[in-house]
2 protein chains.
Amino acid sequence: MTRRLLVIGIGAGAPGHLTLQAIQAINRAEVFFLLDKSEAAAELVAAREAILAAHRRAPWRVARLASPKRRADPHIHMPRIHDGAAGTPARETTYRADVADWHSARAALLAPLIEAELPEDGVGALLVWGDPALYDSTLRMLEAVRATLPLAIEVIPGISAVQALTAAHGLVLNEVGAKVTLTTGRRVLEDFSRDGGTLVVMLDDGTGLAALIAREAETRPAGAPPLHIWWGAYLGMEGELLMSGALAQVGPEILRTRADARAARGWIMDAWLVRQT
Amino acid sequence: MTRRLLVIGIGAGAPGHLTLQAIQAINRAEVFFLLDKSEAAAELVAAREAILAAHRRAPWRVARLASPKRRADPHIHMPRIHDGAAGTPARETTYRADVADWHSARAALLAPLIEAELPEDGVGALLVWGDPALYDSTLRMLEAVRATLPLAIEVIPGISAVQALTAAHGLVLNEVGAKVTLTTGRRVLEDFSRDGGTLVVMLDDGTGLAALIAREAETRPAGAPPLHIWWGAYLGMEGELLMSGALAQVGPEILRTRADARAARGWIMDAWLVRQT
């Protein structure tokens with residue numbers, strides 16, 4: 001008798017991103033744990049409820065988790081509170097410890113909630129934006145819960161923001177014979193290189209992009225091919241924004257568009273990629 | 001009046017990977033272009049036909065493309081014919097030119113097929129394994145077709161083998177504050193580094209993995225943390241294989257399992273990832 005939790009990727013925003021496997025999983029669970037936080041919470045909780053209303057064939061229960069405060073955690077999939085650029089090894093160690101602390105703090109709240117709301121032979125679910133494997137904290141948090149409460153965990157993959165971005169732009173992520181690097185806003189300068197390949201950035205509040213624009217303006221080697229950027233926000237949702245072009249020209253415009261959209265809507269979820277062209 | 005082509009990601013193998021968006025797209029198209037090649041073709045064509053039979057509400061037509069021969073192209077999503085390790089800049093240039101030639105050769109066959117089979121105001125579709133954005137040649141080939149035949153192209157993302165792999169192992173792809181690198185079998189030694197992060201490898205016929213095992217055995221720095229591998233084949237399909245563990249121990253076993261499975265089934269589709277633990 002072990003409680004079972006389904007971690008269900010529901011896609012990047014479009015209701016059509018939902019997979020048949022996710023719908024089947026939604027119909028196996030009896031309780032849905034909602035962990036939302038942030039200014040985007042209301043809109044995203046509503047989107048999740050719309051998914052349940054559309055695809056769940058039986059009544060369902062919802063259990064909500066109040067989130068502990070944390071001053072900075074870009075590994076919360078949304079919204080991303082920026083923690084500045086990646087720093088010295090010591091700062092990085094502190095950063096990782098902070099993130100781990102935050103996972104533990106949430107796990108300490110989540111474990112009793114699961115224990116109370118889910119029968120010992122029950123199946124619960126968490127609906128995760130995008131793919132649970134990519135820059136999302138749910139699985140790490142459940143790993144921490146498992147330290148005190150036995151759980152069987154099953155993961156259902158979902159369409160990630162990266163995939164929504166490339167599909168919207170009709171792009172192939174990789175160039176022929178070249179790698180693709182996925183990273184976060186705070187590691188852009190560290191992980192970008194001119195050795196070819198594509199850099200994909202998630203969890204950027206704009207400072208990663210601003211830093212790359214500045215560095216390109218200052219230090220692009222003479223004759224090096226310019227960078228091209230493809231950006232998208234609210235991918236697959238109403239109000240989707242798409243922009244692309246030469247980084248030097250379009251980059252600053254993206255930053256303005258991003259700031260305006262965030263101010264108007266109260267939150268933003270975006271992703272971008274760059275490569276030499 | 002422009003012919004429209006839907007490039008539909010159908011997931012990594014599990015019928016449940018199909019998204020609602022993909023099903024909707026399947027029902028918008030009147031002709032399905034099948035481009036399969038290789039020893040896996042029969043099984044994979046049957047899988048595609050099962051998807052159409054299950055989700056297509058009206059009759060459909062299929063148009064098949066004979067594939068030109070090419071001695072080596074790891075960018076054909078399946079099966080991957082290995083082209084050896086990445087080489088000198090000159091060899092890399094030759095390699096890229098070969099791939100481009102092959103895309104042109106296929107495009108030269110595909111353009112008249114589309115022109116003949118799809119009315120000028122018609123909607124056609126290509127069903128792509130995994131995600132059309134990730135190490136798949138369909139979009140590049142259509143780009144080449146567009147040089148001679150105007151086309152409107154729409155991409156529907158699909159669950160990739162990488163996502164099926166992480167979901168099956170219950171893994172988070174990224175470590176906290178670390179990058180993720182996606183690459184191909186032939187670039188493993190070039191793109192692997194000990195600076196943290198996760199290396200994900202697709203399109204490897206086993207030689208990339210063998211090379212990494214050998215290099216780890218020879219040159220792992222004293223005190224460096226060992227590598228851990230997570231591998232999967234036929235992900236989401238009948239006969240799914242999953243293995244994980246320390247690379248030095250499990251790696252050779254994976255190579256044996258892979259060779260046996262390929263011999264028994266006639267083809268294999270797999271993916272793996274490594275990181276320090």
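If you're wondering where the values come from, they're calculated on a predicted model, not measured in any experiment.

## A short note on the sheet that holds strand β8 (residues 227–233) of chain A
Part 1: The strand order across the open sheet built from 10 strands is β9(A)-β8(A)-β10(A)-β7(A)-β6(A)-β6(B)-β7(B)-β10(B)-β8(B)-β9(B), with neighbouring strands paired in mixed fashion. Every other strand in the sheet has two partners, leaving β9 (241–246) of chain A together with β9 (241–246) of chain B as the edge strands with one partner each. Sheet twist, expressed as the mean angle between neighbouring strand axes with direction ignored, is 15°.
Part 2: Where helix α7 (residues 207–219) of chain B meets the sheet, it contacts β8 (227–233) and β10 (270–276) of chain B, and its direction lies at approximately 20° from that of β10(B).

## Notes on the relation of the copies chain A and chain B
Part 1: Expressed as a screw transformation, the operator carrying chain A onto chain B has a rotation angle of 180° and an axial translation of 0.0 Å, and the superposed copies differ by an RMSD of 0.0 Å. Expressed as an axis order, the relation between the two copies is that of a two-fold axis.

## Points about the packing of helix α3 (residues 89–117) of chain A against helix α4 (residues 138–145) of chain A
Residue and element names in this part refer to chain A.
Part 1: The geometry of α3 relative to α4 is characterised by a closest axis approach of 8 Å and an angle of 65° between their N-to-C directions. Considering the angle they form, α3 stands roughly perpendicular to α4. For the pair α3 and α4, the sense of crossing is right-handed. Of α4, the residues touching α3 (which contributes His103, Arg106, Ala107, Leu110, Ala111 and Ile114) are Arg140, Met141, Leu142, Ala144 and Val145.
Part 2: Across the contact of α3 with α4, the residue classes break down as 8 nonpolar, 1 polar and 2 charged.

## A look at the interface of chain A and chain B
Part 1: Counting from both sides, the interface comprises 48 residues of chain A and, opposite them, 48 residues of chain B.
Part 2: Roughly 3,800 Å² is buried in total at the junction of chain A and chain B, and carbon and sulfur atoms are behind 61% of that figure.
Part 3: When the buried surface of chain A facing chain B is broken down by residue, Leu20(A), Arg140(A) and Val176(A) rank first, second and third, together holding 17% of it.
Part 4: Along the contact surface separating chain A from chain B lie 0 salt bridges.
Part 5: Seen at the junction of chain A and chain B, the total is 23 residue pairs in polar contact (both at pLDDT 80 or more).
Part 6: Broken down by secondary-structure element, the contributors of at least two residues to the side of chain A that touches chain B are α1 (20–26), α3, α4, α5 (161–169) and β6 (180–184) of chain A.
Part 7: Residue classes in the side of chain A that touches chain B are distributed as 23 nonpolar, 15 polar and 10 charged.
Part 8: Pairing between β6(A) and strand β6 (residues 180–184) of chain B: 3 bridges, direction antiparallel. Its bridge partner being in β6(B), Thr181(A) is matched across the sheet by Thr181(B).

So, how was this worked out
Residues numbered from 1 in each chain as written. Chains lettered and ligands numbered in written order. Predicted model: local features only at pLDDT ≥ 70, side-chain atom pairs only at ≥ 80, totals over all residues. Heavy atoms only, no water. Pairing = 2+ DSSP bridges. Helix = DSSP H or I, 4+ residues; strand = E, 2+ residues; numbered from the N terminus. Axes fitted to C-alpha atoms, helices over the stretch in contact; angles between N-to-C directions. Contact = heavy atoms within 4.5 Å. Least-squares fit on C-alpha atoms with pLDDT ≥ 70 in both. Parallel < 35°, antiparallel > 145°, perpendicular 65-115°, else oblique. Left-handed = near helix turned anticlockwise from the far one by under 90°. Nonpolar A, V, L, I, M, F, W, Y, C, P; charged D, E, K, R; others polar. Buried area = accessible area lost by both parts, 1.4 Å probe. Salt bridge = Lys/Arg side-chain N within 4 Å of Asp/Glu carboxyl O. Polar contact = N/O pair within 3.5 Å; in protein donor to acceptor, adjacent residues only side chain to side chain.

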